[in-house]
Amino acid sequence: MMNANVNFTQERPFDLLNKSIGKQVLVRLKNNLSIRGKITSFDAHMNIVMDGAEELDSSGELKAKLGIILLRGGNIIFVSPT
Amino acid sequence: MMNANVNFTQERPFDLLNKSIGKQVLVRLKNNLSIRGKITSFDAHMNIVMDGAEELDSSGELKAKLGIILLRGGNIIFVSPT
Amino acid sequence: MMNANVNFTQERPFDLLNKSIGKQVLVRLKNNLSIRGKITSFDAHMNIVMDGAEELDSSGELKAKLGIILLRGGNIIFVSPT
Amino acid sequence: MMNANVNFTQERPFDLLNKSIGKQVLVRLKNNLSIRGKITSFDAHMNIVMDGAEELDSSGELKAKLGIILLRGGNIIFVSPT
Amino acid sequence: MMNANVNFTQERPFDLLNKSIGKQVLVRLKNNLSIRGKITSFDAHMNIVMDGAEELDSSGELKAKLGIILLRGGNIIFVSPT
Amino acid sequence: MMNANVNFTQERPFDLLNKSIGKQVLVRLKNNLSIRGKITSFDAHMNIVMDGAEELDSSGELKAKLGIILLRGGNIIFVSPT
Amino acid sequence: MMNANVNFTQERPFDLLNKSIGKQVLVRLKNNLSIRGKITSFDAHMNIVMDGAEELDSSGELKAKLGIILLRGGNIIFVSPT
């Protein structure tokens, strides 16, 4: 969904991902799961590679240790530096 | 979904986001959750970075303090300045 | 979904939105909610800014006063001038 | 989803909408509702403006009189002249 | 979803629709319904116009006579000549 | 979702479909159904024409003989040569 | 969803798939299933061919041996080298 006329703000949303490289973030997914881990890379589709990723259930309890994962951007609701 | 022939109105919808930079908004999401916080940036996909974000349940009660988040535009139903 | 060969009608669907600027409309959303308010702007994705917006439940009862909102076009089923 | 190599048939699907301008149609939507009314315009996304629109429940009973509506094409399952 | 490097087969999927013009087909839809009728036209989005269309429930029983319909391609699971 | 910078592997995923032309495959669909049959053609959207297609329920039991079908790629989870 | 202005990180998410060619990965799908197997190829849509693929239920138990499969990228939540 491109809107060529939009007035872009000085700071852009993806800058937050850029600043989070190498740091711990929490990613909330559409299926009520969350993934916590360190961002090592991302692309323009919000595909994200995380290191030391852990899957949390909806109450924040550790559900599974995932290690390195490539997360598809399309399933993400939000990303939050922790 | 582009419609090249549409008569654009003088004021455009994204102007509301522009005017809301630095201000508190309420974002309603598809999964019945709402996020309240201050918009710090947005892009043409309605991806929004919020500061001091709080997650509210469907009755408006505080569910979790999220801090800084990058919210994917695709999950948004509406954004409302508060 | 573009179909370059389609015979466009003289009057086009978005003309209805154009004529509704400044007027009260009812917007039905995918999640069974409706929003009633005055359209102040829209774009080619059917993103709509409304003023004095009110959220109605599925039986048409007032559920919440929203004030000014930017509604994402992707969640809309129909827009109806009232 | 474009397929440049497809052999288009002489008559094209949107011709049916063109021939239905000013006539009564039944539109079946994804959420099990149907809308009956007169088509006044449409575009290449199958967005349709209807006049005298009536919402019918899944058993075909009148549920609400809607008047003029702009229906988003993305929610349509089929359109049928009546 | 285009993949420019794919080795296209001699015969292409849409050829089946082309050969089915004027013939009876069964169309299975995402909402567990099926439509049976004669294809009169189609386009590259798999939008299909059918004549003498009948809606069948999930056990194949006749549910409604629809007559002429324009079916949106996006809801189709498969099309089968009968 | 194109990513122009990706390092493509020598062998590409669609090669598997190419090698499966004329052979039996199992196709798992989003609605928990599976289709078994012989691929006769496919395109870049993973639309697939199958011959002698059979619909299987979630436990693998034969549910219906479908014959020739054009399956829309968008509903496919995976394709497996059998 | 392209964002031309994003500052790409040195390392890109698809590099993880590239480094996983010939190795075992776990793929989590939207329908709560997981597939374990060896990646033999992938493309820019995250379509993946796996060898020796096994379907696991939500508790990680082996549900079915699938052999070679072509998995559509659109159903993937994440890919994890094991």
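Relevant structure appears above.
Attention in this report is confined to the structure presented alongside it. Just so you know, these numbers come straight off a predicted model, no measurement behind them. (Residues numbered from 1 in each chain as written. Chains lettered and ligands numbered in written order. Predicted model: local features only at pLDDT ≥ 70, side-chain atom pairs only at ≥ 80, totals over all residues. Heavy atoms only, no water.)

1. Concerning the overall build of chain A
Looking only at helices and strands, chain A features 1 helix and 5 strands. Written out in order from the N terminus, the α and β elements of chain A read α-β-β-β-β-β. Counting across all 82 residues of chain A, residues that qualify as buried make up 55%. A sequence separation of at least 24 residues applies to 39% of the contacts in chain A between residues at least 6 apart. With an accessible surface of roughly 3,400 Å², chain A has 49% of that area assigned to carbon and sulfur atoms. (Helix = DSSP H or I, 4+ residues; strand = E, 2+ residues; numbered from the N terminus. Buried < 20%, exposed > 50% of the residue type's maximum accessible area, 1.4 Å probe, protein only. Contact = heavy atoms within 4.5 Å. Areas by Shrake-Rupley, 256 points an atom, 1.4 Å probe, with all protein chains shown as cover.)

2. Considering the interface of chain A and chain B
Taken together, the contact between chain A and chain B spans 26 residues of the former and 25 residues of the latter. Run the count over chain A and chain B and you get 1 salt bridge. We note a salt bridge from R28 of chain A to E55 of chain B, for which the minimum N-O separation is 2.7 Å. Remark: the boundary between chain A and chain B carries 8 residue pairs in polar contact (both at pLDDT 80 or more). Listed by contribution, the elements that provide at least two residues to the side of chain A that touches chain B are α1 (13-20) and β5 (76-81) of chain A. The element best represented in the side of chain A that touches chain B is β5 of chain A, accounting for 6 residues. In terms of residue class, the side of chain A that touches chain B is built from 14 nonpolar, 8 polar and 4 charged. Alignment of β5 of chain A against strand β4 (residues 62-71) of chain B, held across 2 bridges, turns out to be antiparallel. Bridge pairing in β4 of chain B places V79 of chain A opposite L70 of chain B. (Salt bridge = Lys/Arg side-chain N within 4 Å of Asp/Glu carboxyl O. Polar contact = N/O pair within 3.5 Å; in protein donor to acceptor, adjacent residues only side chain to side chain. Nonpolar A, V, L, I, M, F, W, Y, C, P; charged D, E, K, R; others polar. Pairing = 2+ DSSP bridges.)

3. Examining the interface of chain G and chain A
Facing the 26 residues of chain G at the interface are 25 residues of chain A. At the junction of chain G with chain A, the criterion picks out 1 salt bridge. The tally of links from chain G across to chain A stands at 8 residue pairs in polar contact (both at pLDDT 80 or more). A class-by-class count of the residues in the side of chain G that touches chain A yields 14 nonpolar, 8 polar and 4 charged.

4. Quick notes on the relation of the copies chain A and chain B
Superposing chain A onto chain B requires a rotation of 51° together with a translation of 0.0 Å along the rotation axis, leaving an RMSD of 0.0 Å. With a heterologous cut-off of 20% or less, the 15% of interface residues of chain A that recur at the interface of chain B puts this contact in the heterologous class. (Least-squares fit on C-alpha atoms with pLDDT ≥ 70 in both.)

5. Details of the relation of the copies chain G and chain A
Between the two copies of this chain, the relationship is a rotation about some axis together with a displacement along it. Here chain G sits on chain A after a turn of 51° about the axis and a move of 0.0 Å along it, with an RMSD of 0.0 Å. When you check the interface residues of chain G against chain A, a mere 15% turn up at the interface there too, and the two sides of the contact use different surfaces.

6. Observations concerning the side chain of N75 of chain A
The residue N75 of chain A is located in the loop between β4 (62-71) and β5 in this model. With relative accessibility at 5%, the residue N75 of chain A sits in the buried group. Filtering out sequence-adjacent residues up to four positions away, N75 of chain A remains in contact with R28, L29 and K30 of chain A together with K30, I76 and I77 of chain G.

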